[in-house]
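Each chain, written out:
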Amino acid sequence: MASAQEKNRQLIQEFVKQPGNDSCADCGAPDPDWVSCTLGVFLCQGCSLIHRSLPHISRLKAVQDPSWDTAEVELVTLLGNLAAKAKYEQSVPAFYYRPKHTDCRLLREQWVKAKYERQEFMYIEKQEPYSAGYREGYLWKRGRDNGQFLSRKFILSEREGALKYYNKQDAKDPKAVMKIETLNATFQPAKIGNACGLQITYLKDNSTRNIFVYHEDGKEMADWFNAIRAARFHYHQVAFPGANDTDLIPKLTRNFMKEGFMEKTGPKHTEGFKKRWFTMDDRRLMYFKDPLDAFARGEVFIGSKENSYTVLSGLPPSTQGYHWQYGITIVTPDRKFLFACETEAEQRDWIAAFQRVVNRPMHPQEYAVEAHFKHKP
């Protein structure tokens, strides 16, 4: 006959299969194998590690643990993921970024802390740092020329429609004004070399400009990120008055489709191939000498197959001067772009990224962007 503990374990194993409990309460990863006995939620391995750093709020146990007692099982089965969501996520703003299991630790960690520790989505007044339409503070910003990180004052103002930063404490005029209309932010901890590293991009004269920032406090960076998303959300609500929130959310911030080193040659295809860092940002393929450069050396617009853009594996037979063996040719209405990858896996990943873009029909706004590229000097 099964012991009480064995029955309890079986109850937990049945409960985790119920709708809502069969994915992680915090990031949505399938098949969670941990439980917070105090919060009554099922968690994946990654999110369980974050909960472990909050012992005053969350006490963990494995679903397979043989030592479940009756009081623990009663609490967990009384709650579960859906009941916890109704409580801890009752007022999440539409623009607030809900991390997935593939997102960086900082985003996942701050989401967990915002939900259970700070209870930001139970008490709306706690959302002021990113919901007020105005935010100012100091961030460490990487210098364009010397690569040093220096403290700079940043101001985000929805009323002015811009994010600005100032080089000197008492400066009247900002060093840069970034329009909310073209602003993007994406966490890049590995690239920047800091767990809180954020890459901000914006368009200046229709060319992409990068700035790299961080703050020692993870909450500060998550608040800046969500304040940018809030500003972009309100901008789009005005720009597209008939749109649903669900249509606007994907437009707020975006991760790059792919990044990495490839070799490239010039328009005549007679110059030697040079190694460059490439970033695929939607339909813009940009290349840089260094991953942390402020400006791209060049940008290529990649349209759709209906508009005569194609992606081919390999290079034309007459091509010379490349060191890496795995070629890619992008054919545009104006010319061919030749690239070479170091490995077959990289070639496959780049082709898949390019193909996703080429297979997608162009929006009316994208025709205007394409026209800008054609008229670039």
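The model shown is predicted, which means the values in this text are computed figures rather than measured ones.

Thresholds, definitions, all that
- Residues numbered from 1 in each chain as written.
- Predicted model: local features only at pLDDT ≥ 70, side-chain atom pairs only at ≥ 80, totals over all residues.
- Heavy atoms only, no water.
- Helix = DSSP H or I, 4+ residues; strand = E, 2+ residues; numbered from the N terminus.
- Contact = heavy atoms within 4.5 Å.
- Domains from an automatic or database assignment.
- Expected span 1.5 Å × (residues − 1).
- Buried < 20%, exposed > 50% of the residue type's maximum accessible area, 1.4 Å probe, protein only.
- Arc of directions from axis to C-beta.
- Pairing = 2+ DSSP bridges.
- Axes fitted to C-alpha atoms, helices over the stretch in contact; angles between N-to-C directions.

Colleague: Tell me about the environment of M257, and name the residues and values.
Modeller: Looking at the element boundaries, M257 is found in the loop between α9 (245–248) and β11 (258–264). Separated by 93 residues in sequence, M257 and W350 have C-alpha atoms that sit 9.3 Å apart. Residue contacts for M257: discarding those within four places in its chain leaves M280, D282, A353, R356 and V357.

Colleague: Hey, could you go over the domain arrangement of the protein chain for me, with residue numbers and the actual values?
Modeller: By domain assignment, the protein chain separates into domain 1 (4–89), domain 2 (132–248) and domain 3 (258–375). For domain 1 versus domain 2, the separation of C-alpha centres amounts to 37 Å.

Colleague: Provide a residue-level description of helix α10 (residues 344–358), including the pertinent values.
Modeller: For α10, with 15 residues, the first-to-last C-alpha span of 21 Å sits near the 21 Å given by 1.5 Å per residue. Among the residues of α10, those classed as buried are Q347, W350, I351, A353, F354, V357 and V358. Each buried residue of α10 sits inside an arc of 160° when the element is viewed along its axis, so together they form one side. Those residues of α10 hidden inside the fold are in contact with β11, β12 (274–281), β13 (284–288), β15 (310–313), β16 (326–331) and β17 (336–341).

Colleague: Tell me about the sheet that holds β15, and please be specific about residues and values.
Modeller: The seven strands are arranged β14-β13-β12-β11-β17-β16-β15 in an open sheet whose pairing can be described as antiparallel. Where the open sheet ends on each side, the last strands, each with one partner, are β14 (298–301) and β15. On average, adjacent strands in this sheet sit at an angle of 35° to one another, irrespective of strand direction. Bridge count between β11 and β12: seven bridges; the pairing is antiparallel. By the bridge assignment, F261 is partnered in β12 with W277.

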